[in-house]
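Fold and contact review
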Amino acid sequence: MLNKIANQIKKYFPAPEVSAHCDGPCGVYDPASARVYAEAVYSMTKKIADLESHVPSPTDSAATVAYHNTLSRYIAIKEEQAQKTKEEILILWTDYFKPVHLEAYPDLHDMFWKAAKLCSSCKVEVNLAHANQLMMEIEKIHSIFWETKGREVPWIKAS
């Protein structure tokens, strides 16, 4: 009955369509969130690789369940953080950087494209080299971003 009432309310009073980040450019951009997410990708990739040396005996069912639980959590976090990294760099690429920046940094599109592809790679594989490369690409983005603002902001990792 409540569903019927709710559906009737929705029918007669539809919610307006809304949009999120930067349909009205706010001018607030910072690659720091991409760095934090990419660091989590790197951290989870390391944890997954380290976990491989602790695979329990198949006869120890409790340890096997705990192992699979931990592994699946690390994988879920790694994939989620890689997606968030991609979203953050795509916002910078498509909303912040302008043609004038491309003139100053002709490899800008290629750099962002490679970083986005690395995010995808980090989602689907457990590859420490790719996770490390992602961190290096985010550092390049960080440097160029702050250069375009005429500011010197140090690259500081959380871990």
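Below or above, wherever it landed, is the structure these notes cover. (Residues numbered from 1 in each chain as written. Predicted model: local features only at pLDDT ≥ 70, side-chain atom pairs only at ≥ 80, totals over all residues. Heavy atoms only, no water.)

Re the overall build of the chain
Along its length, the chain carries 6 helices and 0 strands. Listing the helices and strands of the chain from first to last along the sequence gives α-α-α-α-α-α. Its C-alpha atoms give the chain principal-axis dimensions of about 60 × 55 × 25 Å. Out of the 159 residues in the chain, the part that is buried amounts to 29%. The long-range fraction of contacts in the chain, counting pairs at least 24 apart against all pairs at least 6 apart in sequence, stands at 70%. Put simply, the chain shows about 10,300 Å² of open surface, and 58% of that area lies on carbon and sulfur atoms. Placing the 18 positive and 20 negative side-chain charges of the chain at their respective mean positions leaves the two points 7 Å apart. (Helix = DSSP H or I, 4+ residues; strand = E, 2+ residues; numbered from the N terminus. Buried < 20%, exposed > 50% of the residue type's maximum accessible area, 1.4 Å probe, protein only. Contact = heavy atoms within 4.5 Å. Areas by Shrake-Rupley, 256 points an atom, 1.4 Å probe, with all protein chains shown as cover. Lys, Arg positive; Asp, Glu negative; His and termini not counted. Charge placed at Lys NZ, Arg CZ, Asp CG, Glu CD.)

Quick notes on the pattern of salt bridges
A pair can form between side chains of opposite charge whenever their charged atoms are brought close. Taken as a whole and assessed by the stated rule, the structure comprises 4 salt bridges. Note that Asp110 and Lys114 form a salt bridge whose closest N and O atoms lie 3.1 Å from each other. Within this pair, Asp110 and its partner Lys114 are both found in helix H5 (residues 108-124), separated by 4 residues, close to a single helical turn. Judged by relative accessible area, Lys114 falls into the partly exposed class, the value being 43%. A salt bridge links Lys140 to Glu137; the nearest nitrogen and oxygen atoms lie 3.1 Å apart. Linking Lys140 with Glu137, this pair stays in helix H6 (residues 128-148), spanning 3 residues, or about one helical turn. Residue Glu137 is classed as buried on the basis of its relative accessible area, which comes to 6%. (Salt bridge = Lys/Arg side-chain N within 4 Å of Asp/Glu carboxyl O.)

Brief notes about helix H3 (residues 61-96)
Over its 36 residues, H3 extends 51 Å from the first C-alpha to the last, a length consistent with the 52 Å expected when each residue adds 1.5 Å. Residues of H3 that are buried: Thr64, Tyr67, Leu71, Tyr74, Lys78, Gln81, Ala82, Thr85, Lys86, Ile89, Leu92 and Tyr96. On its buried side, H3 packs onto helix H2 (32-51), helix H4 (99-104), H5 and H6. (Expected span 1.5 Å × (residues − 1).)

As for the side chain of Gln81
Inspection of the secondary structure puts Gln81 in helix H3. In contact with Gln81, not counting residues within four places along its chain, are Tyr37, Ala40 and Val41.

Comments concerning the state of the cysteines
Summed over all chains, the structure comprises 0 disulfides. Sulfur of Cys119: no disulfide; nearest cysteine sulfur belongs to Cys122 and is 6.8 Å away. Its relative accessible area of 0% is what places Cys119 among the buried residues. (Disulfide = S-S within 2.5 Å.)

A few points about the packing of H5 against H6
Each packed pair of helices is defined by two parameters, the angle between the axes and the distance between the axes. Contact geometry for H5 and H6: axes closest at 9 Å, N-to-C directions at 145°. Crossing of H5 against H6: the hand is left-handed. Here H5 contributes Leu108, Met111, Phe112, Ala115, Leu118, Cys119, Ser121 and Cys122 to the contact with H6, which in turn contributes His130, Ala131, Gln133, Leu134, Glu137, Lys140, Ile141 and Ile144. Per-class residue counts for the contact of H5 with H6 are 11 nonpolar, 3 polar and 2 charged. (Axes fitted to C-alpha atoms, helices over the stretch in contact; angles between N-to-C directions. Left-handed = near helix turned anticlockwise from the far one by under 90°. Nonpolar A, V, L, I, M, F, W, Y, C, P; charged D, E, K, R; others polar.)

Some remarks on the environment of Pro31
When you line up the elements, Pro31 lands in the loop between helix H1 (2-12) and H2. Each C-alpha atom, one on Pro31 and one on Ile89, is 7.2 Å from the other, the two residues being 58 residues apart in sequence. Setting aside chain neighbours within four positions, we find Pro31 in contact with Leu92, Ile141, His142, Phe145 and Trp146.

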